[in-house]
Amino acid sequence: MNPQPFHGDVIQTLSMVVVITSVIAVEVRRLRLAAVAYSVQALLIVALLLSFAAINPALYWWAATALITKAILTPYFLFRFIGATGDREIKPLIGFGPSVVVAAALMIAFYRLTHSQMSLLAPTAMAQQEVFRVNLAVASTVFVLGLYCVLTRRDAVKTVIGLCLLENGVHLSLVSLAPELPETALFGVATEVVVTVFLLLYVIAGLRREFGTTDTFKLRELQC
Amino acid sequence: MSDPNATVSSSLPILAFAVPAVAGALVFLGRKLGRLYWQSLAIAGSAAVALAGLLMLPDVVAGRALVSWGEEFRVDGLSALLVLAIGLVGSLTAIYSVRYVAQPGLVSRLGEPAGERRMPVFYGLLLWFIASMAWGCVTNNIIMLYVAVEATTLASGFLVAFYWDRRALEAGYKYLMLLTIGITFALVGCVLIYASAAATGSLAGRQALLISEVRSVAHLIPARTALIAVAFLVIGFGTKAGIAPFHPWLPDAHAEAPTPISVLLSGVMIKMAAYALARTVSIFYPSLPQLTVFLVALGVFTMLLGILAALPQQDLKRLLAYSSVSQIGYVVVGVGLGTYLGCYGGLFHLLNHAFIKALLFMAVGAVIYATGVRRIADLGGLSQRMPMTAACFLVGALAIAGFPPLNGFMSKVTVYLALAQSGLWWAAVAAVLAGVLTMVVMVRAAVAVFWRAAPPDVGEKVVREVPAGMWAPMLALAATCVVLGVFPQLVYPLLDQAAVVLATVGR
């Protein structure tokens, strides 16, 4: 397949910035800034989808859906929730320094993996091209960073942001793994995430009222 | 037998989930109307699923698959089995809930006038929950399977947290968070299957999305890619099915949800996730025979861990929830074995456990309804005052423990035989051991709640048998447990077709 329709260097740059926004979203202690970082990432993902759309017009739909669900609705819910509460995150389990090391190690590991074992991860001929390797490396990094965020952050809002990152990682990988996915499937996948975020924040609002905190480590009613 | 790929065009697969979905929307639209309106819609909507399941049987038993909308929706024996279970348990739950929700403090918070404001939300989501489960069982699109499984989580998430107190909110948060993370792993697995099936070049365009088509090219997918996909699917759908070690959400959610929701969660939702797992992973049974030992080991681990965790439980609902973990282990062992006998036993147990666990949760709900208590230590001597509930609980307890001639015995023995047939003696011994422990846990709980002398503070309370609207569904389920135990051949034609879908060897 002809790699020319892509602006390879643009995609590379965008992808790198996506990883940086993930690290910021995970690390920044002010929740509002973390939500801003998440919104920037959502916009970058929309831009990435648009630059890949040359191979598959369905990606235009995907980009439009992502714009509405990821870049508009999810940040709206997040800001509305944070607005009603303190802006400071509850101190996480693992601090800033180690987290940056983790993020860097992940990025390097996935970059190497996608450049040596690509046929294993994405068994399509198209995915052997450089842009898709980079895309998949970035997608995996964002996915694992999201998981890391959910596991090590105590603040419930941060766990929701981590969940969003996790989903973003998977959705980004669809570009490489399933470029010909029909719009209906993409629409279903994208809509569910925003409903999940809404429901989770709704439940967390209830938790905050009952427990007086969003610290997930204080949820100790149901032990054993 | 007729051609295994014979299909009939039919609208039943769509109706099976569209009717309850529309009924749910009507409940939300008519939330100003009365309780009678919401409840009759709930019963009608869930009964429609059961009816669709029954109407599917003639074709499915004859070996024909029902398809609609191209092959986007496809119902074979396996799907029909699940639709039927969801419909039957769903309608009985809807009937049971009519009286249950009327008790103040059970669905509404204490002090509110029986929660008229929240009740349409309860019934609307209940219907959507049933609809999403039925949708997952009829879809043939591997990405939509993920969407449907996640939709069940979303429809039930609010129901789990419905009481909106500290315990329910904590359970709801864990439920939504853990299941969504888990299901995202399943999405990666589904996408990998789709991508690798598309890459084989044998399927044109969107054909690679259809599970039934992917099966035909499974042998062309590289083994290592298949293994990665299976790992993601086991984590993803396994979390939803409550397979250990991904089960920690299950006891919290099943115990804290309102009882009719517990019935659906334990009775059918985890079965639907096990179905999704079996449907996707079984694609690779022929090309990756080593999968079976892995799945059997996972199932054995699940059944032992679940029942050991149930052993010290004092909370009746948590005890039943942990027992569900253990029982899903039997299903995984049977289906994971991949032989015809194993799949038959696993699916038979899936069906039986749907009825048994629905019965047990309803009986515990009846105890909570009558006494307001669910700690075993605070209960006792109820058999005199609640004879119907006591009898139904005992039937359920004996059935789940695998006591002959009840249905649980039949399916467990089939699983034991299948394990022995495959030479996996260690697993057979472990399964029998888990069965013995189940007997201990369940019979001890039954005796403590119903036949032991009542603790002094319970003895003074006025406890009466629950209304017929609640014990009638329990009686129907108890009768089913007995009938399926004495006449297991009744479900043979359906289970036979369902097992053939999954099994690779030994029919």
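Every chain is numbered on its own, with residues counted from 1 as its sequence reads. Chain A is the first chain written and ligand 1 is the first ligand written, with later ones labelled in order. Local features are withheld for residues below a pLDDT of 70 in this predicted model, meaning they are given only at 70 or higher, and side-chain atom pairs are given and counted only at 80 or more; totals for whole chains, interfaces and linings count all residues.

1. Describing the overall build of chain B
Here is step 1: When helices and strands are counted, chain B shows 19 helices and three strands.
Here is step 2: Both definitions apply: the radius of gyration is a C-alpha atom measure, and the globule rule equals 2.2 Å times residues to the power 0.38. On C-alpha atoms alone, chain B measures out to a radius of gyration of 21 Å, which is about the 23 Å that the 2.2 N^0.38 rule sets for 507 residues.
Here is step 3: Seen through its C-alpha atoms, chain B measures out along the principal axes to roughly 70 × 55 × 40 Å.
Here is step 4: Out of the 507 residues in chain B, the part that is buried amounts to 65%.
Here is step 5: Once C-beta atoms are placed from the backbone, any two residues with those atoms within 7 Å are in contact. Of the contacts made within chain B by residues no fewer than 6 positions apart, 80% connect residues no fewer than 24 positions apart. Under the scheme used here, helices are H or I runs from DSSP no shorter than 4 residues and strands are E runs no shorter than 2 residues, and both carry numbers assigned from the N terminus. Exposure criterion: with C-beta atoms placed from backbone coordinates, a residue whose C-beta has 20 or more other C-beta atoms within 10 Å is buried, one with 12 or fewer is exposed, and one in between is partly exposed.

2. Here we look at the overall build of chain A
Here is step 1: Looking only at helices and strands, chain A has eight helices and zero strands in total.
Here is step 2: Its helices and strands in sequence order give chain A the pattern α-α-α-α-α-α-α-α, from N to C terminus.
Here is step 3: Burial statistics for chain A: of 224 residues in total, 48% are counted as buried.
Here is step 4: Of the contacts made within chain A by residues no fewer than 6 positions apart, 73% connect residues no fewer than 24 positions apart.

3. Describing the domain arrangement of chain B
All names here are of chain B.
Here is step 1: For the domains described, the bounds stem from an automatic or database domain assignment. Each domain of chain B was delimited in the assignment, giving domain 1 (1-140), domain 2 (142-288) and domain 3 (289-507).
Here is step 2: For domain 2 and domain 3, the distance between their C-alpha centroids amounts to 23 Å.
Here is step 3: With 26 residues of domain 2 at the contact, the number on the domain 3 side is 31 residues.
Here is step 4: Of all the secondary structure elements, the ones that give two or more residues to the side of domain 2 that touches domain 3 are α8 (223-241), α9 (249-256) and α10 (259-281).
Here is step 5: The element best represented in the side of domain 2 that touches domain 3 is α10, accounting for 11 residues.
Here is step 6: Each residue gets one of three labels, nonpolar for Ala, Val, Leu, Ile, Met, Phe, Trp, Tyr, Cys and Pro, charged for Asp, Glu, Lys and Arg, and polar for the others, Gly among them. Residue composition of the side of domain 2 that touches domain 3, by class: 17 nonpolar, eight polar and one charged.

4. Points about the interface of chain B and chain A
Here is step 1: In this complex, chain B contributes 38 residues to the contact, which on the side of chain A involves 34 residues.
Here is step 2: Of all the secondary structure elements, the ones that give two or more residues to the side of chain B that touches chain A are α5 (142-160), α6 (166-199) and α8 of chain B.
Here is step 3: Split by residue class, the side of chain B that touches chain A holds 23 nonpolar, seven polar and eight charged.

5. Quick notes on the nonpolar core
Taken as a class, soluble globular proteins show a tendency for nonpolar side chains to be buried jointly.
All names here are of chain B.
Here is step 1: For the purposes of this analysis, a nonpolar core is taken to be any set of buried Ala, Val, Leu, Ile, Met, Phe, Trp, Tyr and Cys residues that are connected through C-beta atoms within 7 Å. Of all hydrophobic cores here, the largest spans 296 residues; its most connected members are Val83, Ile86, Ala134, Tyr194, Leu359 and Ala431.
Here is step 2: Of the residues forming this core, the biggest block, 24 residues, is contributed by α6.
Here is step 3: Every residue in contact with isoleucine 86, bar those within four places of it in the chain, is listed here: Val49, Ile130, Met133, Ala134, Cys137, Val268 and Met272.

6. Thoughts on the environment of Arg208(A)
Here is step 1: Along the chain, Arg208(A) falls in helix α8 (residues 183-211).
Here is step 2: Sequence separation between Arg208(A) and Ala156(A) is 52 residues; the distance between their C-alpha atoms is 9.5 Å.

7. Here's the deal with the sheet that holds strand β3 (residues 73-75) of chain B
All names here are of chain B.
Here is step 1: Taken in spatial order, the three strands of this open sheet run β1-β2-β3, and their pairing is mixed. Edge positions in the open sheet fall to β1 (7-9) and β3, since each of these has one partner strand only. Averaged over neighbouring strand pairs, the angle between their axes works out to 30° when direction is ignored.
Here is step 2: Looking at chain direction, strand β2 (residues 65-68) and β3 are connected through three bridges and run antiparallel. Looking across to β3, one finds that valine 67 is bridged to arginine 74.
Here is step 3: Whenever a helix is involved, its axis is fitted only over the stretch in contact; in every case the axis is a line through C-alpha atoms, and angles between N-to-C directions fall within 0 to 180 degrees. Set on the sheet, helix α1 (residues 12-29) makes contact with β2 and β3; between it and β3 the angle comes to about 105°. Here the rule is simple: two strands pair whenever DSSP picks up at least two bridges between them.

8. A word on the environment of Val214(B)
Residues and elements named next belong to chain B.
Here is step 1: Tracing the chain through its elements places valine 214 in helix α7 (residues 211-217).
Here is step 2: On a C-alpha basis, the gap between valine 214 and tryptophan 249 in space is 32 Å, while along the polypeptide they are 35 residues apart.
Here is step 3: Residues in contact with valine 214, not counting those within four places in the same chain, are Ile142, Ile193, Ala197, Ala208 and Ile283.

9. As for the packing of helix α15 (residues 407-421) of chain B against helix α16 (residues 425-451) of chain B
Residue and element names in this part refer to chain B.
Here is step 1: Between α15 and α16, whose axes approach to 8 Å, the crossing angle comes to 160°. Taken together, the axes of α15 and α16 lie roughly antiparallel to each other. As α15 runs across α16, the sense of the crossing is left-handed. Counting all contacts with α15, which are made through Lys412, Val415, Tyr416, Leu419 and Ala420, the residues of α16 involved are Trp425, Ala427, Ala428, Ala431, Val432 and Gly435.
Here is step 2: Per-class residue counts for the contact of α15 with α16 are nine nonpolar, one polar and one charged. For this classification, under 35 degrees means roughly parallel, over 145 means roughly antiparallel, 65 to 115 means roughly perpendicular, and everything else is oblique. Handedness of a crossing is defined here by the sense of rotation of the near helix relative to the far one, left-handed for an anticlockwise turn of less than a right angle and right-handed for a clockwise turn.

10. Regarding α5(B)
Here is step 1: A helix's residues, less one, multiplied by 1.5 Å, set its expected span. Taking 1.5 Å as the rise per residue, α5(B) with 19 residues should run 27 Å; its terminal C-alpha atoms sit 27 Å apart, in good agreement.
Here is step 2: Counting buried residues along α5(B), 18 of its 19 residues qualify, which places the element largely inside the surrounding structure.

11. Quick word on α15(B)
All names here are of chain B.
Here is step 1: In a regular helix each residue adds 1.5 Å, so 15 residues correspond to 21 Å; α15 covers 21 Å between its end C-alpha atoms and thus fits that length.
Here is step 2: Within the sequence span of α15, burial applies to Asn407, Gly408, Met410, Ser411, Lys412, Thr414, Val415, Tyr416, Ala418 and Leu419.
Here is step 3: On its buried face, α15 is in contact with α12 (316-337), α13 (340-371), α14 (387-400), α16 and α18 (468-486).
Here is step 4: Phi turns positive one or two residues past the end of α15, at glycine 423, with a value near 80°.

12. With respect to the environment of Leu12(B)
Residues and elements named next belong to chain B.
Here is step 1: Mapped onto the secondary structure, leucine 12 falls in helix α1.
Here is step 2: When the C-alpha atoms of leucine 12 and leucine 55 are compared, they prove to be 7.8 Å apart, with 43 residues separating the residues in sequence.
Here is step 3: If near-sequence neighbours (up to four positions away) are discounted, leucine 12 is found in contact with Ala52, Leu55, Met56, Leu66 and Val75.

13. Focus: unusual backbone geometry
All names here are of chain B.
Here is step 1: Of note, the amide linkage connecting alanine 244 to proline 245 takes the cis form, showing an omega dihedral of 5°.
Here is step 2: Along the chain, proline 245 turns up in the loop between α8 and α9.
Here is step 3: In the segment running from proline 404 into proline 405, the intervening peptide bond is cis, with an omega of 5°.
Here is step 4: Its location among the elements puts proline 405 in the loop between α14 and α15.
Here is step 5: A positive phi angle, near 55°, is found at tryptophan 69, a position not held by glycine.
Here is step 6: For tryptophan 69, the position within the fold is in the loop between β2 and β3.

14. Considerations on the pairing of β2(B)
All names here are of chain B.
Here is step 1: Side chains Ala65 and Val67 of β2 all project onto a buried face; the interleaved residues Leu66 and Ser68 project onto the opposite face, where all are buried too.
Here is step 2: Examined bridge by bridge, β1 and β2 share three bridges and lie parallel to one another. Paired with serine 9 across the two strands is valine 67, which belongs to β2.
Here is step 3: Linking β2 to β3, which pair antiparallel, is a turn of four residues; within it tryptophan 69 sits at a positive phi near 55°.

15. A short note on the confidence of the model for chain B
Here is step 1: For every residue, the pLDDT score states the predictor's confidence, bounded by 0 at the bottom and 100 at the top. For chain B, the mean per-residue pLDDT works out to 90, and 95% of the residues sit at or above 70.
Here is step 2: Across the interface, the model reports ipTM at 0.90; the global pTM reads 0.93.

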